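Next come the chains, spelled out residue by residue.
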Amino acid sequence: MKRYHPILVSLHWLLTVLIIVALLMGSNILSQIPNDNPEKLFALKLHMISGFIILILMIARVIVRKVTQKPPQADAGNAILNKAGITAHYLLYLLVFGMVGSGIATALIAGLPDIVFNNSGVALPENFNDILPRLFHGIIAKILFAMIFLHVLGALYHQFVRKDSLLSRMWFGK
Ligand code: HEM
């Protein structure tokens, strides 16, 4: 088994784009728009919908990962690095689910489903700073950014230092 299943490969790259866009837009656009700006509702709507799409695709990914055959664990040439690689992958899954979970909790506490999707007309709170899950959402975002950076470094280390063509495992082909 040389490669991941093509469905898993598709989900990996689709989720890469969606998660990075959500992280960048969340930190640089959404959280910078004051809650009394009328554009905030639309920005929240987009963010919440994309968060849900990420959740559904992540669940699909976990299921496809369980039921398809995987290539053997990549060898980084060092037992500690090999363990770190396995842990980092679990952590990436956990952090993404943590983002979705803390986002949904923030939204529910702030009553966003009604305000954003049912146009209830109720004003948004002045900000979300008093909502504990919002604090976690911001912290997990920073850890996720760092883990994605390490993940890319790891892949490049395999590809160009160990020259083991690791990237081809996460691409299509025979
Ligand atoms: C993987 C999925 C998600 C990612 C990557 C993501 C990313 C982010 C980021 C980076 C921020 C800004 C954090 C900061 O700078 O402190 C943010 C804010 C926020 N997100 Fe998410 N998010 C996700 C899912 C969700 C979901 C599912 C919901 C709700 C259903 C949600 C609701 C919010 C809310 C309400 C804010 C606060 C905006 C503000 O402070 O004005 N997020 N998100």
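Above this text you will find the structure in question.
Position numbers for residues count from 1 along each chain, tracking the sequence in the order it is written. Where local features are concerned, this predicted model is filtered to residues with pLDDT of at least 70; where side-chain atom pairs are given and counted, the filter is 80 or more; whole-chain, interface and lining totals use all residues. Water and hydrogen atoms play no part in the side-chain values, which are based on all heavy atoms of the structure.

1. Looking at the coordination of the iron atom of the ligand
Then comes step 1: Donor atoms from the polypeptide that coordinate the iron atom of the ligand comprise H47 (NE2) and H137 (NE2), at 1.9 to 2.0 Å from the metal.
Then comes step 2: Donor criterion used throughout: N, O or S atom within 2.8 Å of the metal, extended to 3.2 Å for Na, K and Ca. Water excluded; incomplete-looking sites may result. For a four-donor site, all angles between 85 and 135 degrees give tetrahedral; for four or six donors, opposite pairs above 155 degrees with the remaining angles between 65 and 115 give square planar or octahedral; all remaining cases count as irregular. Its six donor atoms give the iron atom of the ligand angles of 87 to 180° at the centre, a pattern that matches the octahedral case. Residue H47 is found in helix α2 (residues 39-67), and its partner H137 is found in helix α5 (residues 132-161); the two are separated by 90 residues along the sequence.
Then comes step 3: Given a relative accessible area of 24%, H47 falls into the partly exposed group. Put simply, DSSP H or I for four residues or longer makes a helix, DSSP E for two residues or longer makes a strand, and each gets a number counted from the N terminus. Summary of the burial criterion: residues with accessible area below 20% of their type's maximum are buried, those above 50% are exposed, and those between are partly exposed, where the area comes from a 1.4 Å probe applied to protein chains only.

2. Examining the side chain of S102
Then comes step 1: Note on placement: S102 falls in helix α3 (residues 79-109).
Then comes step 2: The exposure class of S102 is buried, given its relative accessible area of 8%.
Then comes step 3: Contacts described as polar in this section are N or O atom pairs within 3.5 Å, which, within protein, must combine one atom able to donate a hydrogen with one able to accept it, while residues neighboring in sequence count only if both atoms come from side chains. Polar contacts involving the side chain of S102 include one to the main-chain carbonyl oxygen of G98, which spans 2.8 Å.
Then comes step 4: There is a polar contact of 3.2 Å between the side chain of S102 and the backbone oxygen of M99.

3. Here's the deal with the packing of α2 against α3
How two helices pack is summed up by the angle between their axes together with the distance between the axes.
Then comes step 1: All axes are obtained by fitting lines to C-alpha atoms, using only the stretch in contact for helices, and the reported angles, taken between N-to-C directions, cover 0 to 180 degrees. Contact pair α2 / α3: the axes reach a minimum separation of 10 Å and the direction vectors enclose 145°. Like other packed secondary-structure pairs, α2 and α3 cross with a definite hand, here left-handed. Residues M48, G51, F52, I54, L55, M58, I59, R61, V62 and R65 of α2 form the contact with α3, whose participating residues are Y93, V96, F97, V100, I104 and A107.
Then comes step 2: For this scheme, ten residues count as nonpolar: Ala, Val, Leu, Ile, Met, Phe, Trp, Tyr, Cys and Pro. Four count as charged, namely Asp, Glu, Lys and Arg, and the remainder, Gly too, count as polar. A breakdown of the residues in the contact of α2 with α3 according to their chemical character gives 13 nonpolar, one polar and two charged. Here a crossing is taken to be left-handed if its near helix is turned anticlockwise relative to the far helix by less than a right angle, and right-handed if that turn runs clockwise. Here a residue-residue contact requires only that any non-hydrogen atoms of the pair lie within 4.5 Å.

4. Details of the site of the ligand
Then comes step 1: Note on definitions. A residue lies near a molecule or strand when any single heavy atom of the residue is within 4 Å of it. Not every one of the 23 residues close to the ligand is listed here, only the nearest: K40, H47, G103, R134 and H137.
Then comes step 2: One of the side-chain nitrogen or oxygen atoms of H137 is found 2.8 Å away from a nitrogen atom of the ligand.
Then comes step 3: Elements that contribute at least two residues to the shell around the ligand include exactly α1 (6-28), α2, α3 and α5.
Then comes step 4: Per element, the largest residue contribution to the shell around the ligand is six residues, and it comes from α2.
Then comes step 5: Broken down by class, the residue content of the shell around the ligand amounts to 13 nonpolar, eight polar and two charged.

5. Re the nonpolar core
Then comes step 1: Core analysis: the largest hydrophobic core is formed by 25 residues, its most contacted members being L15, I19, I54 and L144.
Then comes step 2: If you list the elements that add at least two residues to this core, you get α1, α2, α3 and α5.
Then comes step 3: At seven residues, α1 tops the list of elements feeding residues into this core.
Then comes step 4: Ignoring anything within four residues of it in the chain, the contact list for I54 reads L15, L18, I19, A22, V96 and V100.
Then comes step 5: Counting residues in each nonpolar core, the second largest holds 13 residues, with I33, M48, V116 and I131 among its members. Buried Ala, Val, Leu, Ile, Met, Phe, Trp, Tyr and Cys residues that are joined via side-chain atoms within 4.5 Å together make up what is termed a nonpolar core.

Everything listed is a geometric property; what it means functionally is a separate question.
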